[in-house]
Amino acid sequence: MADFSATLQVLKELVPPALQNPRVGIICGSGLSGLAATLRQTVLVPYDRLPGFVQSTVPGHKSSLAFGLMGSGGGVPVIAMLGRFHPYEGHRLSSVVFPVRVMAKMGVNDIIITNAAGALNPELAVGTIVVVHDHIALPNLTGMNPLLGPQTNLSLPRFLPLSDAYSRLLRKLVFRAAHDLSIKRDALAEGTYAWVSGPTYETPAEGRFLRAAGADVVGMSTVPEVLAAREEGMNVLVLSLVTNAVVIPMDYRSVRDEFEAENTGMSATSVVDEVVSHEEVLALGKLKGDLMKTIVEKVIDLIPSDVSMSVQN
Ligand SMILES: O=P(O)(O)O[C@@H]1C[C@H](O)[C@@H](CO)O1
C-alpha cells in the first residue's frame, strides 16, 4: 500500500499554509502546462522533491506541482500537475494515479483533467475543446485498471460505478463559462474519450474500430486519473483539446489500382499517407492553450464553494 505520509509531510514544509488546502485540482495535458500562468502566489514543487512521484519524460510535460490561487476575487486555492505520467513511459498505474490520491488527501473535491487528443469524429475540427461525458477504455476492460489489486482504502468502494463518472454539474459549468465569455459555440463540443495505451498512434483500422465503438476522441492518458479521482470521491471534469484528426480514410485506397493505372500509362493519383506527430500535438497546444486556460479559470470561478465542499454530480 502506498505511503502518502512522507509526501504530505514534504508538501507541508514547502507549501505556505494559505495554499495547503487546495479546493480544485488540475492536471495539464500535453502542451497545456501554460495553465499555471494564471495562478497567483504560485509555489512550484518539483516532482523529484516528492516521495512517491516519478518523473514526466514526455516533451510538453514539466515535472512540477504548482500551488496558487486562481480566478477572480480572492481566488480559489488550486493544485496543478504541470506534467502527468503515462503508462507508456514505463510507469506503473499506481504511480500514474499517485498524484491524484495526494490531491484527495490534501482536500481536493473537484478535479479538472485536460489532455490533447485526436479526433475520431469527423465533425470535430482541430482546435475544438471536447467536454468529455463518457469513456471507452479497452485497457481497463482487459486488465489494465489502476484499481486492480488490494483496496488501498477500505472506506472507498470496491466496485466503483462509472455511469456517473463525469460530473454533470461541472460539464454544464463549462458551457456557462463559454456563454459568459462569449466564446463561439463551435469552439466547444461534447464527446466520448477512448483511452489507448500508446505510445503508437492508431492505425487507420484501429481508428475506424474506435469510431464504430462510439468514441469521438482518442488519447493516451486521463482515464486512470478519472478512476482514481472517482474512487476518492472527487467530482471530475475532463476537457480534451483536439490537436489532430485521426487518419481514418473510410475508402480503401488500393495500391493495386494505383500500380495498374501507372503501368498501363493511365494517369494515377498517387496518395501520400498522412501521419500525425507529437510536434503537431504540441503546436496545437500552444495555439489553443489560452482558450483552455480562459475556460478553466472561469469554470473555477463558477464552482459554488458550498457545492465543491460536498460530493455532487
Ligand atoms: O498527456 P496527454 O494525454 O495530453 O498527451 C497526449 C497523449 C500522448 O501523451 C501524447 C501524444 O502526442 O499527447
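Residues numbered from 1 in each chain as written. Predicted model: local features only at pLDDT ≥ 70, side-chain atom pairs only at ≥ 80, totals over all residues. Heavy atoms only, no water.

**Student:** Looking at this model, I keep getting lost on the pairing of strand β1 (residues 24-27). Mind explaining?
**Tutor:** In regular strands, side chains alternate between the two faces of the sheet. Every second residue of β1 is oriented toward a common face, with Val-24 and Ile-26 on one face and Gly-25 and Ile-27 on the other, all of them buried. Pairing of β1 with strand β4 (residues 76-82) involves 4 bridges; the strand directions are parallel. The partner of Val-24 across the bridge, within β4, is Val-78. Bridging between β1 and strand β5 (residues 110-119) involves 4 bridges; their strand directions are parallel. When the sheet's bridge partners are listed, Gly-25 is paired in β5 with Ile-111. (Buried < 20%, exposed > 50% of the residue type's maximum accessible area, 1.4 Å probe, protein only. Helix = DSSP H or I, 4+ residues; strand = E, 2+ residues; numbered from the N terminus. Pairing = 2+ DSSP bridges.)

**Student:** Is there a simple way to explain the nonpolar core in this structure?
**Tutor:** As a rule of thumb, nonpolar side chains are buried together in soluble globular proteins. Counting residues in each nonpolar core, the largest one holds 51 residues, and the members touching the most others are Leu-11, Leu-65, Phe-67 and Ile-111. A total of 9 residues in this core trace back to one element, the largest contributor, which is helix α2 (residues 93-106). Apart from residues lying up to four places away in sequence, Phe-67 is in contact with Leu-11, Val-15, Leu-19, Leu-39, Gln-41, Thr-42, Val-43, Val-45, Val-78, Ile-79 and Met-106. Of all hydrophobic cores here, the second largest spans 35 residues; its members include Ala-66, Ala-80, Ala-187 and Met-292. (Core = buried A, V, L, I, M, F, W, Y, C linked by side-chain atoms within 4.5 Å. Contact = heavy atoms within 4.5 Å.)

**Student:** Explain the pattern of salt bridges to me, please; I cannot follow it from the model alone.
**Tutor:** Once their charged atoms are close, side chains differing in charge can pair, the charge on each being opposite to the other. This structure, assessed with the given rule, holds 9 salt bridges. Lys-184 is the partner of Asp-186 in a salt bridge, and the nearest nitrogen-oxygen pair spans 3.6 Å. Judged on exposure class, the residue Asp-186 and its partner Lys-184 are both exposed. One salt-bridge network, in which partners are shared between bridges, spans Arg-101, Lys-105, Glu-231 and Glu-232. (Salt bridge = Lys/Arg side-chain N within 4 Å of Asp/Glu carboxyl O.)

**Student:** Explain the site of the ligand here, please?
**Tutor:** Around the ligand, the surrounding shell holds 13 residues, and the nearest of these are Ser-30, Tyr-88, Tyr-201, Ser-221 and His-278. Arg-84 places a polar side-chain atom, nitrogen or oxygen, 2.9 Å from an oxygen atom of the ligand. The separation between an oxygen atom of the ligand and a polar side-chain atom of Tyr-201 is 2.6 Å. Of all the secondary structure elements, the ones that give two or more residues to the shell around the ligand are β5 and α8 (278-302). Its residues assigned to classes, the shell around the ligand shows 5 nonpolar, 7 polar and 1 charged. (Near = heavy atom within 4 Å. Polar contact = N/O pair within 3.5 Å; in protein donor to acceptor, adjacent residues only side chain to side chain. Nonpolar A, V, L, I, M, F, W, Y, C, P; charged D, E, K, R; others polar.)

**Student:** Looking at this structure, I do not really get the side chain of Ser-56. What am I missing?
**Tutor:** Relative to the assigned elements, Ser-56 resides in the loop between β2 (40-46) and β3 (64-70). Within the structure, the side chain of Ser-56 is placed 2.7 Å from the backbone oxygen of Arg-84, a separation counted as a polar contact. Residues within four places of Ser-56 in sequence aside, it is in contact with His-61, Lys-62, Ser-63, Gly-83, Arg-84, Phe-85 and Glu-89.

**Student:** Teacher, can you tell me more about the packing of aromatic side chains here?
**Tutor:** Counted according to the given criterion, the structure contains 5 aromatic pairs. Summarising the aromatic geometry, the rings of Phe-4 and Phe-98 are spaced 4.8 Å apart at their centres and angled 10° between planes, so their arrangement reads as stacked. Pair noted here: Phe-4 is in the segment before α1 (5-14) and Phe-98 is in helix α2, with a separation of 94 residues, a long-range link. Take Phe-98: its relative accessible area is 6%, and that puts it in the buried class. Pairing Tyr-47 with Phe-85 gives two aromatic rings, centres 5.2 Å apart and planes at 65°, and the pair type is edge-to-face. Pair noted here: Tyr-47 is in the loop between β2 and β3 and Phe-85 is in the loop between β4 and α2, with a separation of 38 residues, a long-range link. As far as the burial class goes, Tyr-47 and Phe-85 line up, both buried. Cluster of aromatic residues (ring-pair linked, three or more members): Phe-4, Tyr-47, Phe-53, Phe-85 and Phe-98. Positioned over the ring face of Phe-4 is Lys-105, at 4.5 Å from the centre of the ring. (Phe/Tyr/Trp six-rings, centres within 6.5 Å; stacked < 30°, edge-to-face > 60°. Lys NZ or Arg CZ within 6 Å of the ring centre and 35° of its normal.)

Fair warning: the whole summary comes from geometry, so function is off the table for now.
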